[in-house]
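Summary of the model geometry
Each chain is listed here by its residues.
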Amino acid sequence: MPIKFSSAPSYFWLNAWVLANVIEIATQRFCDRFVDYKIDPGRRLYDQMTQAARSIRANIAEGSGRHETSLETEMRLTDVARASSHELMGDFMNYMMRHSLSAWATSDSRFQSVINLQLDRPAYGENFISDAIEHVSKQCARFDCFLERGSASDASNCLVVLCLKINAMLTGMLLAQLRDFKQQGGFAENLTQARLEVRKDMAASEGAPDCPQCGKPMLRRTIMRGSRQGQQFWGCPDYPKCGGTRNI
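Residues numbered from 1 in each chain as written. Predicted model: local features only at pLDDT ≥ 70, side-chain atom pairs only at ≥ 80, totals over all residues. Heavy atoms only, no water.

The helix and strand inventory of the chain stands at eight helices and three strands. Moving toward the C terminus, one meets the helices and strands of the chain in the order α-α-α-α-α-α-α-α-β-β-β. Per-residue burial for the chain yields a buried fraction of 41% across its 248 residues. Across the chain, every contact between residues at least 6 apart in sequence was considered, and the portion connecting residues at least 24 apart equals 63%. Carbon and sulfur atoms make up 51% of the accessible area of the chain, which totals about 14600 Å². (Helix = DSSP H or I, 4+ residues; strand = E, 2+ residues; numbered from the N terminus. Buried < 20%, exposed > 50% of the residue type's maximum accessible area, 1.4 Å probe, protein only. Contact = heavy atoms within 4.5 Å. Areas by Shrake-Rupley, 256 points an atom, 1.4 Å probe, with all protein chains shown as cover.)

Further remarks concern the environment of proline 122. Relative to the helices and strands, proline 122 is located in the loop between α4 (109-115) and α5 (128-141). The sequence separation of proline 122 and valine 18 amounts to 104 residues, and the corresponding C-alpha distance is 9.2 Å. Each residue touching proline 122, except ones within four places of it in the same chain, is listed here: Phe12, Trp13 and His135.

With 52 residues, the main nonpolar core has Trp17, Phe30, Ile60, Leu88 and Leu162 as its most contacted residues. Of all the secondary structure elements, the ones that give two or more residues to this core are α1 (15-34), α2 (44-65), α3 (71-98), α4, α5, α6 (144-147) and α7 (152-184). Ranked by the residues each element gives to this core, the list is headed by α1, at eleven residues. Residues in contact with tryptophan 17, not counting those within four places in the same chain, are Tyr11, Phe12, Arg57, Ile60, Ala61, Tyr124, Ala132 and Val136. If you look at the next biggest cluster of nonpolar residues, it comprises six residues, including Ala208, Cys211, Met218 and Trp234. (Core = buried A, V, L, I, M, F, W, Y, C linked by side-chain atoms within 4.5 Å.)

Looking at where serine 85 falls in the secondary structure, it is placed in helix α3. With relative accessibility at 1%, the residue serine 85 sits in the buried group. A distance of 2.6 Å separates a polar atom in the side chain of serine 85 from the backbone oxygen of arginine 82. In this structure serine 85 touches Ile56, Cys163, Ile166 and Asn167, once residues within four positions along its chain are discounted. (Polar contact = N/O pair within 3.5 Å; in protein donor to acceptor, adjacent residues only side chain to side chain.)

This brings us to α1. Over its 20 residues, α1 runs 28 Å from end to end, which matches the ideal 28 Å to within 8%, given 1.5 Å per residue. The element α1 is largely enclosed, with a buried count of 14 among its 20 residues. (Expected span 1.5 Å × (residues − 1).)

Look at α1 against α2: their axes get within 9 Å of each other, and the N-to-C directions meet at 170°. Taken as axis vectors, α1 and α2 run roughly antiparallel relative to one another. You can see that α1 and α2 cross each other, and the crossing is left-handed. Here Ala16, Trp17, Ala20, Asn21, Ile23, Glu24, Thr27, Gln28, Phe30, Cys31 and Asp32 of α1 lie close against α2, whose contacting residues are Tyr46, Met49, Thr50, Ala53, Arg54, Ile56, Arg57, Ile60 and Ala61. Counted by class, the contact of α1 with α2 contains twelve nonpolar, four polar and four charged residues. (Axes fitted to C-alpha atoms, helices over the stretch in contact; angles between N-to-C directions. Parallel < 35°, antiparallel > 145°, perpendicular 65-115°, else oblique. Left-handed = near helix turned anticlockwise from the far one by under 90°. Nonpolar A, V, L, I, M, F, W, Y, C, P; charged D, E, K, R; others polar.)

If a strand is regular, its side chains alternate between the two faces of the sheet. Sheet topology places strand β1 (residues 219-222) next to strand β2 (residues 232-235); four bridges connect them, and they run antiparallel. Across the sheet, threonine 222 pairs through a bridge with glutamine 232, a residue of β2. Sheet topology note: the β2/strand β3 (residues 245-247) ladder contains three bridges and is antiparallel. Residue glycine 235 lies in a different strand from β3, and its bridge partner there is threonine 245. (Pairing = 2+ DSSP bridges.)

Taking 1.5 Å of rise per residue, the 28 residues of α3 would be expected to cover 40 Å, and the 41 Å separating its terminal C-alpha atoms lies within 8% of that figure. Directly beyond the C-terminal end of α3, a positive phi value near 55° is found at serine 100.

Here it is, written out as structure tokens:
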């Protein structure tokens, strides 16, 4: 019996993920067209630029995949994606300086058309893989006047603006993730808290001594390093807020 998938992965719906795919594809094509052996004989620049572009897309997907298990990990990966967008933007700026290309002013109609362009809302059906590929391809085509038919100046300027655009998206995502983390934590964080609560209940039922500072039933702990490594002691369940200890 064939396996059926009910819906597309959640990150397929993120505008940031769609735009990251546009940037990755555009960067690959830019490097194929303009980063040749004359300026990059060892292909190091080619690899660095395409890998930075890939990192944006890959870390958005991986971070979104960790949403249900660890918001902390999701935030770290979102921040890596954001850092990669800065790295890639720096590479395009360096290319422009190296080739004496002028940057678009923020008031330039070309800058404004790219920064303000709203991506189409995806409509994924049962065949969400092919639907996603088609959707990303259509969004890429909306920038073709700069990326495909334009000069090196047009393409590099457009990609700098797209890096600014996705950086703003990722900053917004990171702030929202931080807000959620403060309010509820993630699966891993809540699991740790749940285990601690169970240990507290067990300590109370087993007649553990009370903390000399706050009076709560203490937990049996083990010294993990130093000359007393392996020895046990009673520690306050609210450490590090309370540092009460007792010898066993």
